[in-house]
Amino acid sequence: SQIVVLGQPVVDGSSGINAEYGGVTKGDFSRRRVAPQINVHSVQFCPTGQSWCAATTEGLLIFSLDNTLTFDPIDLDTDVTPQNMRAAINAESYLKGLAIALRLNTTEMVVEVLEQVPQDQIHYVVGSLPLHHVTSLLKFLVELLTTSRHLHFYILWVSTILTTHGPALKKNSSQIMSTLNGIISALTAQTRTLGSLCDSNQYFMDVILTLGRTQSSKSETSAEMEVF
């Protein structure tokens with residue numbers, strides 16, 4: 001990395017702001033490229049020492065040694081925090097908690113909210129979600145259908161979304177086609193996995209029942225022989 005003094009020309013071809021010396025009638029008339037000025041309001045460090053962030057006039061900047069870190073919030077403001085999300089959940093305001101989690105745009109936050117919503121509240125939460133949050137939620141559900149053990153629970157979410165917002169999603173089908181294809185692929189893969197597992201379990205049960213009947217027949221035969 002290179003530290004650039006504000007107001008000084010950038011001579012290595014890196015990005016900057018084109019500027020000229022306005023009002024100059026003598027001397028050098030050539031263009032200059034100078035680095036943009038960014039004000040930093042706050043800097044915070046992670047307790048693990050693996051990352052740090054800076055609140056700047058260009059937005060929230062996060063620097064991390066972890067290459068897997070992904071944080072891409074949507075409509076971030078001072079009220080969109082994990083603390084407010086958990087406070088909404090504790091107050092049983094699941095819709096508000098889910099909206100905050102979707103704006104934080106991290107899988108961990110979305111899962112934390114979804115798995116605390118009672119099944120009888122899913123229809124209400126889904127019906128009250130704005131359409132842009134619905135499409136975001138579907139993208140997370142594609143991943144969860146593949147990785148989570150709570151398969152039936154997340155199928156309920158997908159089914160409720162498609163039933164409640166089906167007409168609106170159909171109008172925007174071209175924009176969410178990849179997401180819908182992802183849902184189909186995830187459900188197809190789970191069907192094959194569970195089908196194979198169920199068939200295997202059925203064969204094992206047949207073997208166990210057959211062995212049980214055989215053992216029972218042997219015991220009855222031995223008992224009859226002892227009587228005679």
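Quick note: structure is the one above.
The structure presented is a predicted model; accordingly, all values stated were derived computationally and were not measured.

1. A word on the overall build of the chain
Within the chain one finds eight helices and five strands. Listed N to C, the secondary structure of the chain is β-β-β-β-β-α-α-α-α-α-α-α-α in terms of helices and strands. Going through the 228 residues of the chain one by one, you find that 25% of them count as buried. Carbon and sulfur atoms make up 56% of the accessible area of the chain, which totals about 15900 Å².

2. Observations concerning the nonpolar core
Among the nonpolar cores identified, the biggest contains 37 residues, and L98, L114, L137, L141, Y154, W157 and I161 are the most heavily contacted of them. Put simply, the parts of the chain that give this core at least two residues each are α1 (82-90), α2 (94-104), α3 (107-114), α4 (122-128), α5 (131-147), α6 (151-164) and α8 (173-227). Those residues in contact with L98 that lie beyond four places of it in its chain are V113, L114, V125, L129, L137 and W157.

3. Considerations on α6
End to end, α6 covers 20 Å across 14 residues, agreeing with the expected 20 Å (1.5 Å per residue, within 8%). Buried within α6 are the following residues: L151, F153, Y154, W157, V158, T160 and I161.

4. Focus: the packing of α2 against α3
Remark: α2 packs on α3, axes separated minimally by 8 Å, with the N-to-C direction vectors making an angle of 165 degrees. By the criterion of interaxial angle, the relationship of α2 to α3 is roughly antiparallel. Once α2 is placed against α3, the crossing between them reads as left-handed. Between α2, through Y94, G97, L98, A101, L102 and L104, and α3, the contact on the second element is made entirely by M109, V110, V113 and L114.

5. Topic: the pattern of salt bridges
Think of it this way: side chains of opposite charge can pair up when their charged atoms draw near. Enumeration over the complete set of coordinates arrives at one salt bridge. Linking R86 and E112 is a salt bridge whose minimum nitrogen-to-oxygen distance equals 2.7 Å. Of this pair, R86 sits in helix α1 while E112 sits in helix α3, and the two are 26 residues apart along the sequence. The exposure class assigned to R86 is partly exposed, which follows from its relative accessible area of 35%.

Analysis parameters
Residues numbered from 1 in each chain as written. Predicted model: local features only at pLDDT ≥ 70, side-chain atom pairs only at ≥ 80, totals over all residues. Heavy atoms only, no water. Helix = DSSP H or I, 4+ residues; strand = E, 2+ residues; numbered from the N terminus. Buried < 20%, exposed > 50% of the residue type's maximum accessible area, 1.4 Å probe, protein only. Areas by Shrake-Rupley, 256 points an atom, 1.4 Å probe, with all protein chains shown as cover. Core = buried A, V, L, I, M, F, W, Y, C linked by side-chain atoms within 4.5 Å. Contact = heavy atoms within 4.5 Å. Expected span 1.5 Å × (residues − 1). Axes fitted to C-alpha atoms, helices over the stretch in contact; angles between N-to-C directions. Parallel < 35°, antiparallel > 145°, perpendicular 65-115°, else oblique. Left-handed = near helix turned anticlockwise from the far one by under 90°. Salt bridge = Lys/Arg side-chain N within 4 Å of Asp/Glu carboxyl O.

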